[in-house]
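# Summary of structural features
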Amino acid sequence: MNGTRRLRYPGRCVGCAVALPAGSVARWDPGTRRVTCGDCLAREAAAAGALPDVGVAGGSARREYERRQGRREKQVREAHPWLGELILALSEDPQHVRAFGVGAAGETALGRELDELTAGRDAVTVHDRRITRPRGQIDHVAVGPSGVFVIDAKNYTGMVAIRGTGFLGLAEARLFVGRRDVSALAGKMTRQIDAVRDALAGLPEAAGVPVTPVLAFVDAEWPLFRAPDEYEGVLIEGEGSTCRLVAGDGPLPWETCVLLAHRIAQRLPVAR
Ligand SMILES: [Zn+2]
């Protein structure tokens, strides 16, 4: 953040009186000898209508696609010094390369719609955040009037269904998209939710604000009746319903949504 530095001495924030140990990142005003904490700077920014760096939806999948595509083109050119360009011009990317391109596009279509909600001040979304311990990333974190939504976007095709397995389907219920068993995705969201909760910890404006996991199947088909809406505590949505969900009514004013987004953007860096 502009004008911030690591404090050489402990201080106390002029805005909220929080104690700032030496080494905290804060703004130091040499004229008044006052320090302002990162949260109060975010409050100033939110009050002024300034958004955080929201990142680019699908950015890390696209970068991985470009890395893989570049590596493949280099291999083809080295293996075929004369015909390499022709082979590349006439051939498609192999599946292990293409999957990342499709992934980036799927995330990006939802990302664009979420960006429109940000522009319309309906909900503010930061994209493509990195988490550590264990390493991973989060596609989108949207903050809307009703709370915070952690969104994992998947572009699987096929019908979304929750089906019982085992004899007569009486064993545990599993989540499917087409023939693919995607049940494990729900459990994997736990660490994403924990990372976002940690990022918001200690911010008074975030106290009591729900943090909800969402699996967004942006290319799937949905049954007309009894479409699954939840699996193991994770909301199951499509592209449109995800947008309606994050922009839905709630008690949080726009300024608070922006403040929470600033905190998330500060604590969870953009994935590379
Ligand atoms: Zn403060």
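Preceding this paragraph is the structure being described.
Source: prediction; values computed, not measured.

The subject of this paragraph is the sheet that holds strand E14 (residues 234-237). One open sheet holds the six strands; their spatial order is E6-E7-E8-E12-E14-E13, and the pairing between them is mixed. Bordering the open sheet on either side are strand E6 (124-131) and strand E13 (230-231), each of which pairs with just one other strand. Across the sheet, helix H5 (residues 184-200) touches E6, strand E7 (136-144), strand E8 (147-154), strand E12 (211-217), E13 and E14, and the angle it forms with E12 is around 140°.

Turning next to the sheet that holds strand E9 (residues 160-164). Spatially, E9-E10-E11 is the arrangement adopted by the three strands of the open sheet, whose pairing is antiparallel. The outermost strands of the open sheet, each flanked by one partner alone, are E9 and strand E11 (180-181). Pairing of strand E10 (residues 173-177) with E11 involves two bridges; the strand directions are antiparallel. What sits directly across from Val177, in E11, is Arg180.

Quick look at the pattern of salt bridges now. For the coordinates displayed, the defined rule picks out seven salt bridges. Salt-bridge contacts for Arg43 lead to Glu205; the nearest nitrogen and oxygen are separated by 2.6 Å. Taken together, the residues span a long stretch of sequence, with Arg43 in helix H1 (residues 38-47) and Glu205 in the loop between H5 and E12 at a distance of 162 residues. Between Asp152 and Lys154 there is a salt bridge, with the nearest N and O atoms lying 3.9 Å from each other. Overall, Asp152 belongs to the buried group, its relative accessible area being 8%. Counted as one network, the salt bridges with shared partners bring together Glu172, Arg174 and Asp181.

Analysis parameters
Residues numbered from 1 in each chain as written. Predicted model: local features only at pLDDT ≥ 70, side-chain atom pairs only at ≥ 80, totals over all residues. Heavy atoms only, no water. Pairing = 2+ DSSP bridges. Helix = DSSP H or I, 4+ residues; strand = E, 2+ residues; numbered from the N terminus. Contact = heavy atoms within 4.5 Å. Axes fitted to C-alpha atoms, helices over the stretch in contact; angles between N-to-C directions. Salt bridge = Lys/Arg side-chain N within 4 Å of Asp/Glu carboxyl O. Buried < 20%, exposed > 50% of the residue type's maximum accessible area, 1.4 Å probe, protein only.

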